Amino acid sequence: MPHIAVSLYPGRDQGRKQEIANKLKDFMVSELNFPAEAISVSIVEIEPDSFVETIQQRYDDKDLYIPSKSVKSLT
């Protein structure tokens with residue numbers, strides 16, 4: 001608790017993904033006062049041709065706080 005899930009296009013190496021995960025964790029620690037050892041982060045790569053459909057299937061509108069211009073609310 002908490003878990004941060006990131007979905008993005010392929011193309012970043014493991015080192016870059018680790019940097020992203022560390023920065024997200026650090027933000028949660030500094031801004032929300034969570035203990036670092038309580039935070040987990042996952043990064044999933046989704047191919048561009050299925051990205052929008054995958055995100056729309058994975059998340060309810062109520063859970064998508066900032067939709068991109070591609071991933072829009074279905075309602």
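Structure: see above.
Figured I'd write up the structure that's included with this text. (Residues numbered from 1 in each chain as written. Predicted model: local features only at pLDDT ≥ 70, side-chain atom pairs only at ≥ 80, totals over all residues. Heavy atoms only, no water.)

### A few points about the packing of aromatic side chains
Test applied: Whether two aromatic rings pair depends on their centres lying within 6.5 Å, for rings of Phe, Tyr and Trp, where Trp uses its six-membered ring; planes under 30 degrees apart make the pair stacked, over 60 edge-to-face, and the rest tilted. Helix and strand assignments follow DSSP, with helices taken as H or I runs no shorter than four residues and strands as E runs no shorter than two, numbered in order from the N terminus. Any residue under 20% of the maximum accessible area for its type is buried, any over 50% is exposed, and the rest in between are partly exposed; the area is computed with a 1.4 Å probe on protein chains only.
Applying the stated rule across the entire model yields 1 aromatic pair. Here the aromatic rings of Tyr 9 and Phe 51 are separated by 5.2 Å at their centres, their planes lie at 85°, and the arrangement is edge-to-face. Of this pair, Tyr 9 sits in the loop between strand E1 (3-8) and helix H1 (14-32) while Phe 51 sits in helix H2 (residues 51-58), placing them 42 residues apart in sequence. With relative accessibility at 15%, the residue Phe 51 sits in the buried group.

### Some details on the pairing of strand E2 (residues 40-45)
Across a regular strand the side chains alternate sides, sitting on one face of the sheet and then on the other. Worth spelling out the cut-off: Only strands joined by at least two bridges in the DSSP assignment are considered to pair. With its strands directed away from the observer, a crossover is right-handed exactly when the path from the first strand over the helix to the second travels clockwise.
With 6 bridges joining them, E1 and E2 adopt parallel strand pairing. Each residue of the ladder has a partner; that of His 3, found in E2, is Ser 40. Considered for its hand, the β-α-β crossover made up of E1, H1 and E2 is right-handed.

### Some thoughts on the nonpolar core
Across soluble globular proteins, you tend to see nonpolar side chains buried next to one another. The line we're drawing: Throughout, nonpolar core names a set of buried Ala, Val, Leu, Ile, Met, Phe, Trp, Tyr and Cys residues whose side chains join them through atoms within 4.5 Å.
Of all hydrophobic cores here, the largest spans 6 residues; its members are Ile 4, Val 6, Leu 8, Ile 20, Met 28 and Ile 39. Only E1 and H1 provide two or more residues apiece to this core. The biggest single contributor to this core is E1, with 3 residues.

### Side note on the environment of Gly 15
Structurally, Gly 15 can be placed in helix H1. For Gly 15, a relative accessible area of 39% translates into the label partly exposed. Between the C-alpha atom of Gly 15 and that of Lys 69, which follows or precedes it by 54 residues, the distance is 28 Å.

### Some words on the layout of surface pockets
Filter applied, for reference: Definitions used throughout: a 1 Å grid over protein atoms alone; a cavity as a set of points that fits a 1.4 Å probe which cannot get out; a pocket as an open set with protein on both sides within 12 Å along at least five of seven lines; a lining residue as one with an atom within 4 Å of a point. Grid points are joined across faces, edges and corners, and a volume is the space filled by probe spheres set on the points. For this classification, the nonpolar set comprises Ala, Val, Leu, Ile, Met, Phe, Trp, Tyr, Cys and Pro, the charged set comprises Asp, Glu, Lys and Arg, and every other residue, Gly included, is treated as polar.
The computed volume of the largest pocket comes to approximately 350 Å³. Together, Ala 5, Val 6, Ser 7, Ile 55, Tyr 59, Asp 63, Leu 64, Tyr 65 and Ile 66 line the largest pocket. Among the elements that take part in the lining of the largest pocket, E1 stands out by supplying 3 residues, more than any other. Grouping the amino acids of the lining of the largest pocket by side-chain chemistry returns 7 nonpolar, 1 polar and 1 charged.

### Quick notes on the side chain of Lys 17
We apply this condition: Any two residues whose heavy atoms approach within 4.5 Å at even a single point are treated as in contact.
The residue Lys 17 is located in helix H1 in this model. For Lys 17, a relative accessible area of 14% translates into the label buried. Once residues within four sequence positions are removed from consideration, Lys 17 is found in contact with Arg 12, Ile 43 and Glu 45.

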